[in-house]
Amino acid sequence: MKTILVVDDEPKIVQLVRDYLERAGFRVLTESTGKTALALARSEKPDMVILDLGLPEMDGLDVTRTLRKDSNVPILMLTARSEETDKLIGLELGADDYITKPFSPKELVARVRVVFRRMENYSEASTETVRAADLTLDVPRLRVTAADRQVEELTPTEFELLAAMARHPGRVFTRSQLLNVVHGIASESYERAIDAHIKNIRHKIEPTPAEPRYILTVYGVGYKFADQ
């Protein structure tokens, strides 16, 4: 049974999310502050964190930043903040996705299932290895090496995007196509979310992120993995 940590200071939201997730077969832990959530995440090691941005004492962005120092647990932001800047900052800090309040509990469960299904598909991919340029992607373990260099671990969403492009060097992907890669369902996420994920991937795999050699921008269209 997968364990999900729900962090929100609104009791009604917490109860709603808990009810729907438990009905879907998940074990649910809850916290109402950022500091207590971090402590519980370290002790329980949940399989996913659903995180409100507007938390007391320590907001969700700081929680995300702290979690990402030593964990690649999937993070889904649950937020009342509708400003594009807040969403992009959260994604750039390493969150995998976001849902804006008010939200559909059924869509929330669907998003959670998509993430877990994607991770299970990787674990069941036996010995699949993707090689492109001097990158090697160990699919079952979600690990990437560049030449002989072990790169920083990617989040499940980042790995999914990189793998999709690395399997087809030279093919141009639109942002909409890449959104479909990571969601596979109707999603409110906007296309600039992809830009935030690509920025994170480049920071981790590129020798010089400002001058990428692996993931290239195709202006006005999207991105591609460099031709071999």
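Above this note sits the structure.
Structure report, in brief. Please read these numbers as outputs of a predicted model, since none were measured by experiment. (Residues numbered from 1 in each chain as written. Predicted model: local features only at pLDDT ≥ 70, side-chain atom pairs only at ≥ 80, totals over all residues. Heavy atoms only, no water.)

The next thing to look at is the overall build of the protein. Looking only at helices and strands, the protein features 8 helices and 12 strands. Whereas a compact globule of 228 residues would reach a radius of gyration of roughly 17 Å, the protein reaches 17 Å, a difference of no more than 12%. Viewed in the frame of its principal axes, the protein has a C-alpha envelope of about 55 × 35 × 30 Å. The 228 residues of the protein split such that 51% are buried. Contacts in the protein between residues at least 24 apart in sequence constitute 61% of all its contacts with a sequence separation of at least 6. Of the roughly 10800 Å² of accessible surface on the protein, 47% is carried by carbon and sulfur atoms. Here the protein holds 32 positive side-chain charges and 36 negative ones, and the gap between their average locations is 2 Å. (Helix = DSSP H or I, 4+ residues; strand = E, 2+ residues; numbered from the N terminus. Rg over C-alpha atoms; globule rule 2.2 N^0.38 Å. Buried < 20%, exposed > 50% of the residue type's maximum accessible area, 1.4 Å probe, protein only. Contact = heavy atoms within 4.5 Å. Areas by Shrake-Rupley, 256 points an atom, 1.4 Å probe, with all protein chains shown as cover. Lys, Arg positive; Asp, Glu negative; His and termini not counted. Charge placed at Lys NZ, Arg CZ, Asp CG, Glu CD.)

Attention now goes to the nonpolar core. Judged by nonpolar contacts, the single largest core of 28 residues is most densely connected at Leu135, Leu137, Leu162, Ile205 and Ile215. Contributions of two or more residues to this core are made by strand S6 (129-132), strand S7 (135-138), strand S8 (143-146), helix H6 (156-166), helix H7 (175-183), helix H8 (192-205) and strand S12 (222-225). Counting residues per element, this core draws most heavily on H6, at 6 residues. Residue contacts for Leu162: discarding those within four places in its chain leaves Leu135, Leu137, Val144, Leu154, Ile201, Ile205, Ile215 and Phe225. In this structure, Leu29, Leu53, Leu67 and Ala196 belong to the second largest nonpolar core, which totals 24 residues. (Core = buried A, V, L, I, M, F, W, Y, C linked by side-chain atoms within 4.5 Å.)

Moving on to the sheet that holds strand S9 (residues 149-150). Read from one edge to the other, the open sheet built from 4 strands follows the order S6-S7-S8-S9, with strand pairing classed as antiparallel. Every other strand in the sheet has two partners, leaving S6 and S9 as the edge strands with one partner each. As defined by bridge partners, S8 adjoins S9 across 2 bridges and the pair is classed as antiparallel. If you follow Ala146 over to S9, its bridge partner there is Arg149. (Pairing = 2+ DSSP bridges.)

The next thing to look at is the packing of helix H2 (residues 34-44) against helix H3 (residues 60-67). Contact pair H2 / H3: the axes reach a minimum separation of 10 Å and the direction vectors enclose 25°. It follows that H2 is roughly parallel to H3 by the angle criterion. The two elements H2 and H3 meet at a crossing, and its hand is right-handed. Where H2 abuts H3, its residues Gly34, Leu38, Ala41 and Arg42 lie against Val63, Thr66 and Leu67. When its residues are assigned to classes, the contact of H2 with H3 shows 4 nonpolar, 2 polar and 1 charged. (Axes fitted to C-alpha atoms, helices over the stretch in contact; angles between N-to-C directions. Parallel < 35°, antiparallel > 145°, perpendicular 65-115°, else oblique. Left-handed = near helix turned anticlockwise from the far one by under 90°. Nonpolar A, V, L, I, M, F, W, Y, C, P; charged D, E, K, R; others polar.)

Another aspect to go through is the pairing of S7. Of the two faces of S7, only one is covered, namely that formed by Leu135 and Leu137; the face formed by Thr136 and Asp138 stays uncovered. Looking at chain direction, S6 and S7 are connected through 4 bridges and run antiparallel. Note that in S7 the partner of Arg131 across the bridge is Thr136. Between the end of S6 and the start of S7, which pair antiparallel, lie 2 residues, with Ala133 showing a positive phi angle near 55°. In the sheet, S7 pairs with S8 via 4 bridges, with the strands oriented antiparallel. Note on S8: the bridge partner recorded for Thr136 is Thr145.

Next up on the list: the environment of Arg213. Summarising the element assignment, Arg213 is placed in the loop between H8 and strand S11 (215-218). Note: C-alpha distance between Arg213 and Asp227 (14 residues apart in sequence) is 10.0 Å. Setting aside its immediate chain neighbours within four residues, Arg213 contacts Asp134, Glu206, Pro207 and Ala226.

On to the pattern of salt bridges. If charged atoms from side chains of opposite charge come close, those side chains can pair. Considering all chains together, one arrives at 14 salt bridges under this definition. For Lys199, the salt bridge identified is with Glu92, shortest N-O distance 3.6 Å. Separated by 107 residues along the polypeptide, Lys199 in helix H8 and Glu92 in helix H4 (residues 84-92) bring together distant segments of the chain. Under the relative-accessibility criterion, Glu92 is labelled partly exposed at 32%. A salt bridge links Asp195 to Arg175; its shortest N-O distance comes to 2.7 Å. Note that Asp195 is positioned in helix H8 and Arg175 in helix H7, a separation of 20 residues in sequence. Sharing partners across several salt bridges, the network here consists of Asp8, Glu10, Asp52 and Lys101. (Salt bridge = Lys/Arg side-chain N within 4 Å of Asp/Glu carboxyl O.)

Interpretation note: all reported values are geometric properties and have no functional meaning in isolation.
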